[in-house]
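Observations on the model geometry
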Amino acid sequence: VVVTGIAAIIIIESVWQGATASIVNQVKSFGPAMIDIAPGHLPTSPSAITGIFSDSLKNSDLAAIEDKNNVPDLKIATPIVLVPGNVSYQSTIKSDAVIMGSSSGLQDIFQIYPISGRSITQDDINSRASVAVIGSRVASQLFGLSDPVGQTIKIRNKNFRVVGVFPPKGMV
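Below is a short write-up of the structure. (Residues numbered from 1 in each chain as written. Predicted model: local features only at pLDDT ≥ 70, side-chain atom pairs only at ≥ 80, totals over all residues. Heavy atoms only, no water.)

Helix and strand counts for the protein come out as 6 helices and 6 strands. Split into buried and exposed, the 172 residues of the protein put 24% on the buried side. (Helix = DSSP H or I, 4+ residues; strand = E, 2+ residues; numbered from the N terminus. Buried < 20%, exposed > 50% of the residue type's maximum accessible area, 1.4 Å probe, protein only.)

If you want it as structure tokens, here you go:
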């Protein structure tokens, strides 16, 4: 059992390190002045490994990070949630999509703005509007040469109106 536990940790750690390296390379394409803060802690035993996947940052954590007394040189902070899922338009499905939820500050952090349509606004967020800005790759895969702005897509089986399309950049 100990060997299995250690092997599981090594496998998870190497998968995590590989995923982290991939994410770091993608983040580097957006610029040098970015720091990612993730929840969690290093496990102290094999049974504590699940804690890595169950932790999350809270609004109070974001408020503490945004407090100029704590981080005086901070320009922008935004929460980001990444989840895998299907995105579809009519009968076309993109099954390997990564869906990102964030605040309106995301585009300023990544310096990426829609090439058509508009960004998600703070009003959209406050009203919990079912709107999406999609990447150019997703737009091409789902819509071909047609304009996706104004169309309704399904993200994880929920309808969203496309309000904008990001230009090609990194994995977008």
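Time to look at the packing of aromatic side chains. Each aromatic ring pair is summarised here by two numbers: the centre-to-centre distance and the angle between the ring planes. With the rule as written, the count across this model stands at 1 aromatic pair. Measuring from ring centre to ring centre gives 4.2 Å for Tyr-89 and Phe-143, while their planes differ by 40°; the resulting arrangement is tilted. Note that Tyr-89 is positioned in strand β1 (residues 80-89) and Phe-143 in helix α6 (residues 136-143), a separation of 54 residues in sequence. Each member of the pair Tyr-89 and Phe-143 is classed as buried. (Phe/Tyr/Trp six-rings, centres within 6.5 Å; stacked < 30°, edge-to-face > 60°.)

What follows covers α6. The periodicity of an α-helix, 3.6 residues per turn, causes residues three or four positions apart to be oriented the same way. Considered for burial, the residues of α6 that qualify are Ser-136, Val-138, Ala-139, Leu-142 and Phe-143. End-on, the buried residues of α6 take up no more than an arc of 160°, which puts them together on one face. Buried-residue contacts for α6 involve β1, β2 (92-102), β4 (131-135), β5 (152-155) and β6 (158-166). Within two residues after α6, Gly-144 carries a phi angle of roughly 60°, on the positive side. (Arc of directions from axis to C-beta. Contact = heavy atoms within 4.5 Å.)

Time to look at unusual backbone geometry. Even without a glycine there, the phi angle at Gln-90 is positive, about 55°. Assessed through its relative accessible area of 69%, Gln-90 is described here as exposed. Its identity as a non-glycine residue notwithstanding, Arg-156 has a phi of 50°, on the positive side. The class of Arg-156 is partly exposed, set by a relative accessible area of 49%.

All right, on to the nonpolar core then. Residues Val-87, Ala-132, Ile-134, Leu-142, Phe-143, Ile-153 and Ile-155 are the most contacted members of the largest nonpolar core, which totals 15 residues. Residue assignment for this core shows that the elements contributing at least two residues are β1, β2, β4, α6, β5 and β6. What Phe-143 contacts, discounting residues up to four positions off in sequence, is Tyr-89, Ile-134, Pro-148, Gln-151 and Ile-153. Core analysis: the second largest hydrophobic core is formed by 7 residues, Phe-110, Val-131, Val-133 and Phe-166 among them. (Core = buried A, V, L, I, M, F, W, Y, C linked by side-chain atoms within 4.5 Å.)

Turning to a nonpolar patch on the surface, a few remarks are in order. Where nonpolar side chains cluster on the molecular surface, the patch consists of Ile-80, Leu-82, Val-98 and Met-100 and spans about 360 Å² of accessible area. Elements that contribute at least two residues to the nonpolar patch include exactly β1 and β2. Note on placement: Met-100 falls in strand β2. Exposure remark for Met-100: the relative accessible area of 41% places this residue in the partly exposed category. (Patch = residues over 30% accessible without salt bridge, like charges linked within 9 Å, V, L, I, M, F, W, Y side chains within 5 Å. Areas by Shrake-Rupley, 256 points an atom, 1.4 Å probe, with all protein chains shown as cover. Salt bridge = Lys/Arg side-chain N within 4 Å of Asp/Glu carboxyl O.)

Bringing the side chain of Ser-88 into the picture now. Mapping Ser-88 onto the fold places it in strand β1. In this structure, Ser-88 is in contact with Ile-93, Leu-142, Ile-153 and Lys-154, ignoring residues within four places of it in sequence.

What follows concerns the environment of Ile-112. Looking at the secondary structure, you find Ile-112 in the loop between α4 (106-110) and β3 (116-117). Residue class for Ile-112 comes out buried when judged on its relative accessible area of 6%. Note: C-alpha distance between Ile-112 and Lys-169 (57 residues apart in sequence) is 7.9 Å.

Now for the pairing of β5. Only one face of β5 is covered, namely the face carrying Ile-153 and Ile-155; the face carrying Thr-152 and Lys-154 is uncovered. Where β5 and β6 come together, 4 bridges link them in antiparallel fashion. By the bridge assignment, Ile-153 is partnered in β6 with Phe-160. What sits between the antiparallel neighbours β5 and β6 is a turn of 2 residues, in which Arg-156 has the positive phi angle 50°. (Pairing = 2+ DSSP bridges.)

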